[in-house]
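Residues per chain are reported as follows:
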Amino acid sequence: MELDEAEALAHCAAEPIHIPGQVHGYGVLLAAGLDQDRGFHHASANVAEILGAEAQALFGVSWSSWFDRPLTHAIRNALRDGVRDAHRQHVGETELSGRSFEVYVHRNPQGKLLFELLPRLRTAAAPSPVDAVQATLAHLAQRESLDDLLRDAAQATRQLAGLDRVMIYRFLPDASGEVAAESVEVGLEPYLGLRYPESDIPAQARKLYLETPVRLIDDAHAPLVGLLAADPEAPPLDLSWALVRGTSPVHLQYLRNMGSRASLTLPLVVRGQLWGLVAGHHGQPIVPDPALLTAAQLLGSLLGMLIEQQLNRALDRRKSRTPEWTQILLGLEASVLEEKEIDLGSASFETLLETLPCSGVTLSLPSGHRSVGTPLTSEEVEALHARSDGGSFATDQLEATVPEVAWGARAGALVEAISSDPPVDLIWLRPAEDQIITWAGDKRTALTHTDGGTRLHPRASFDAYMETVRGQARAWTPEERRFARALADALGAALETVSQIRSQRDRLQLFIHELNHRARNVLALVRSLIRQSKRYAADIEGYGEALETRIVALATAHDLLTGSSGSGVDLEKLAATELAPYRGRNGGESGGESPRYRIEGPPVLLQSTAGPLMALVLHELATNAAKHGAFSFEAGQVALSWAKVPGGLDVRWTESGGPSTTPPTRTGLGRAILERTVPFELDGTADLEFRPEGLEARFWLPSACFSEPRTRDASTEPEGAADEPRAAEAPSGPHRGAVLVVEDSLVIAMELEEVFYDLGFDQVDLAATLMQGLARARAVDYAFAVLDINLRGELSFPIADLLVERNVPFIFASGYGDTSSLVDRFRHHPIMTKPIGRDDLARRVQAELEPE
């Protein structure tokens, strides 16, 4: 019958060793509630023998009334401070039935309060074991190697506890363990160097060792003591962290087979993990000494820290023997920054073959793989990366753990992920090699077949048993994995530094590009204002004055935008700045200035696209009020207000106390700016009402044009400007037909509109958005078109596709000085940079409509 070790281990792991229903008889265990219900509800069956009190008489009695006042006070203090789970806390001593007891308390996983009472053995004059531990630790701290530390720690523990044998047992990656150090009585068979299988200390036992700082079995031959419950139907009491918790019968038999009657076990916790155990054995029963247990617990805890310190020193020494790390990292950074093929330098990289023994090292990168020694294919790298899943992965049996690839003589792999997006891994390989393992007894003899399947039972012999293992690599030790992780982290930090430098470089280039773009856009806007102001001016003086004030208004808006770090233009500050020149004397006794205007509205930040345009709008309103409206009369007043409405912002300008107004017979540039800027460039609405009592202007701005203060400005800037136009003669002869101008800046669009009318076109249609442009291009057969590439964050390429389909010649306009924004299908299409010179545009139109 075939014996299944995995089945036996699974059955063993299912044993509920945390709820044995029994305790060791060297102490008394009592359990009670925590809050209002403080009555005892469980007691060990030896309570009558040791404490002189029957269990039934204790049930329901509050622990706060049963213990003496000093102990009750200490327990309450412990509860107030928080008795931590998995940590027994010494709360004092008490006298019961003429005997002294040390009392320990902890809260179990069920939330019950567990008391353990151990008879006190030592007098006040007896030497303190804690003093001996302090002297021992001072000696151990001076050890220069891990082997020396473990050897001396085993000897010190045996002397402290008076045991026959103390082994320091270290867990291995496959969950088995080996005796790394030993101190043994003369005449006993040494176990140093022997390997113990996983089944000797199964997973659930290791978990309890991790959570229990000391474990004592006083006599493996003594019967266990049962637990009595006030409620026979109550669930089993969880004794996971109790010192006196009853031991599994299998383990007690195991000790007896070893020739041990008693044992003392201390967990060695390193970096939060169970690294190993201090396992002490004795051929005679042990009389438990609470003071000795406290000292042993202290020794075990501090020994774990000393082991961690030694492991850290070993890692540092390994690093110090690898000065090529710096060369590897610098070479990696330089290669990535210069966008060259990565050359790690074979001499430097080969050092890793020595510092972490292996047959090959591979650094996998999106651009390819770099290997020293045994190489890896892309398929193999991908298979290993899938196993690591962006973390760590180690195996000494590649064929079994990664079967989708044929590994041949390679049997071990260690993968440390540096980055998962894109995937970057550091991979070590090891070959298969024959290994001879010396077990403490033939582990196969612990397997037997029963009707329920394969089961484990304690081995009867611990004689050395030699096993030859083939087809496996040497296992990766925790120390080797830490070294690999440290190197991976160093490489990851180097790559992150490279990424940050490249990102900063790219952001700087983008900033310079955007700065150039905005500067060109401002130049284009100013140039258009110059031409449009000249077109509408009645005389040279009026032209100069109007132009200067409009440029000042633009500068004011840009100053406010710059002062806000680009987050937006404060509408209230913008309004106050534009209206500041129109303050007047109040005429009162106290004198002083009082505004002839009122500004009201909630805090609003205009987006960077809307700020300069609203500056022009407010400037034109104020200038008109000064020349023809409310500010031209001494009693005239202006009220500027705004309110948030569903979907946008309602802005209202109301004049009163001035001359009666009527619609002007002539449309100048100022009125064009007021009526067309907000609808054309901001997708809003504008309404001017010339009332007898004064002008009233209402504007509606969509929500995309403004934000709350301190809200990041996510709007898209309009496209900007380019080189100054070259002087050239305009082509002669009229052009017939309609022209489509798709441009999101009204002033620039109006300038292009004028140029095309001057060139003889019959109709010029303006569109500011992608949707408007598409609608017009579908509805009208155009003779020519101009497309701004960037329309408020949308590209005009769909319009271009439609124009190509309908055989309409067109040119692109852009604020950028190159063609990098064009997709491949338009790469060779004509593009002009803003501001577009009149003569250059005329020449380009002629070239497109009348090719040679």
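Residues numbered from 1 in each chain as written. Predicted model: local features only at pLDDT ≥ 70, side-chain atom pairs only at ≥ 80, totals over all residues. Heavy atoms only, no water.

## Things to note about the confidence of the model for the chain
Right, on to step 1. The pLDDT averaged across the chain works out to 79; a share of 74% of its residues lies at or above 70.
Right, on to step 2. Ranking the helices and strands of the chain by mean pLDDT puts strand S1 (residues 22–23) first, with 96, and strand S21 (residues 453–456) last, with 50.
Right, on to step 3. In the model, residues 711–733 has pLDDT below 50 throughout and makes 72 contacts with residues more than four positions away in sequence or in other chains. (pLDDT = per-residue confidence, 0-100. Helix = DSSP H or I, 4+ residues; strand = E, 2+ residues; numbered from the N terminus. Contact = heavy atoms within 4.5 Å.)

## Examining the nonpolar core
Right, on to step 1. Counting 43 residues, the largest nonpolar core has Leu29, Leu140, Ile168, Leu239, Trp275, Leu303 and Ile307 as the members making the most contacts within it.
Right, on to step 2. Sort the elements by how many residues they give to this core and helix H10 (residues 290–320) lands first, with 8 residues.
Right, on to step 3. When neighbours within four sequence positions are excluded, Leu303 is seen to be in contact with Leu140, Leu149, Ala153, Ile168, Leu268 and Val278.
Right, on to step 4. Met614, Phe631, Trp642 and Cys705 belong to the second largest nonpolar core, which has 37 residues in total. (Core = buried A, V, L, I, M, F, W, Y, C linked by side-chain atoms within 4.5 Å. Buried < 20%, exposed > 50% of the residue type's maximum accessible area, 1.4 Å probe, protein only.)

## Quick word on the pairing of strand S7 (residues 165–171)
Right, on to step 1. Across the 7 residues that make up S7, a large majority, 7, are buried.
Right, on to step 2. Of the two faces of S7, the one lined by Arg165, Met167, Tyr169 and Phe171 and the one lined by Val166, Ile168 and Arg170 are each fully buried.
Right, on to step 3. Direction of pairing for S7 relative to strand S8 (residues 177–184): antiparallel, over a ladder of 7 bridges. Across the sheet, residue Tyr169 finds its bridge partner in S8, namely Val179.
Right, on to step 4. Hairpin connection between S7 and S8: a loop of 5 residues separates the two successive antiparallel strands, and Ala175 in this loop has a positive phi of roughly 75°.
Right, on to step 5. Two elements, S7 and strand S13 (residues 273–282), share 6 bridges in a ladder whose sense is antiparallel. Counted as the bridge partner of Arg165 is His281 from S13. (Pairing = 2+ DSSP bridges.)

## Some points on the sheet that holds strand S29 (residues 648–656)
Right, on to step 1. With mixed pairing, 5 strands are arranged side by side in an open sheet as S26-S28-S29-S31-S30. Lying at the two open borders of the sheet, with one neighbouring strand each, are strand S26 (597–600) and strand S30 (685–691). On average, adjacent strands in this sheet sit at an angle of 10° to one another, irrespective of strand direction.
Right, on to step 2. Summarising the sheet, strand S28 (residues 637–645) and S29 pair through 9 bridges and their orientation is antiparallel. (Axes fitted to C-alpha atoms, helices over the stretch in contact; angles between N-to-C directions.)

## Some points on the side chain of His282
Right, on to step 1. For His282, the position within the fold is in strand S13.
Right, on to step 2. Residues contacting His282, with those up to four places away along its chain left out, are Gly162, Leu163, Asp164, Ser260, Arg261 and Ala262.

## Section: the sheet that holds strand S5 (residues 99–107)
Right, on to step 1. The antiparallel open sheet is built from 7 strands, whose spatial order is S1-S11-S3-S2-S6-S5-S4. Edge positions in the open sheet fall to S1 and strand S4 (89–96), since each of these has one partner strand only.
Right, on to step 2. Two elements, S5 and strand S6 (residues 113–119), share 7 bridges in a ladder whose sense is antiparallel. Bridging from a neighbouring strand, Val105 pairs with Phe115 of S6.

## Examining the packing of aromatic side chains
The geometry of an aromatic ring pair is captured by two quantities: the separation of the ring centres and the angle between the planes.
Right, on to step 1. What the rule picks out here adds up to 14 aromatic pairs.
Right, on to step 2. Their ring planes at 50° and their centres at 5.9 Å tell us that Trp63 and Phe115 sit as a pair that is tilted. Taken together, the positions of Trp63 in helix H4 (residues 63–66) and Phe115 in strand S6 put the pair 52 residues apart, joining distant regions of the chain. Summarising the burial analysis for this pair, Trp63 and Phe115 share the class buried. (Phe/Tyr/Trp six-rings, centres within 6.5 Å; stacked < 30°, edge-to-face > 60°.)

## Looking at helix H20 (residues 746–758)
Right, on to step 1. Look at H20: 18 Å from first C-alpha to last across 13 residues, which is about the 18 Å you get at 1.5 Å a residue.
Right, on to step 2. H20 sits mainly inside the fold: 11 of its 13 residues count as buried.
Right, on to step 3. Those residues of H20 lying buried are Leu746, Val747, Ile748, Ala749, Met750, Glu751, Leu752, Glu753, Glu754, Val755 and Phe756.
Right, on to step 4. Just downstream of H20, Gly760 is the residue with a positive phi angle, here 100°. (Expected span 1.5 Å × (residues − 1).)

## Digging into the environment of Glu102
Right, on to step 1. Its location among the elements puts Glu102 in strand S5.
Right, on to step 2. By relative accessible area, which is 10% here, Glu102 ends up buried.
Right, on to step 3. Along the sequence, Glu102 and Leu117 sit 15 residues apart, while their C-alpha atoms lie 5.7 Å from each other.
Right, on to step 4. Sequence-distant contacts of Glu102, defined by excluding residues within four places in its chain, comprise His90, Gly92, Glu93, Glu116, Leu117, Leu118, Arg120 and Pro290.

## Observations regarding the pattern of salt bridges
Right, on to step 1. Per the counting criterion, the structure on display carries 25 salt bridges.
Right, on to step 2. Here Glu93 ties to Arg120 by a salt bridge, and the two come within 2.7 Å at their closest N and O atoms. Note that Glu93 is positioned in strand S4 and Arg120 in the loop between S6 and helix H6 (129–140), a separation of 27 residues in sequence.
Right, on to step 3. Exposure remark for Glu93: the relative accessible area of 39% places this residue in the partly exposed category.
Right, on to step 4. The partner of Arg485 in a salt bridge is Glu416, with the nearest N and O atoms 2.8 Å apart. You can see Arg485 sitting in helix H15 (residues 478–536) and its partner Glu416 sitting in strand S17 (residues 410–420), a full 69 residues away along the chain.
Right, on to step 5. What makes Arg485 partly exposed here is its relative accessible area of 24%.
Right, on to step 6. Note on Glu416: relative accessible area 1%, which makes it buried.
Right, on to step 7. Each of Arg143, Asp148, Arg151 and Asp152 takes part in salt bridges that share partners, so that together they form one network. (Salt bridge = Lys/Arg side-chain N within 4 Å of Asp/Glu carboxyl O.)

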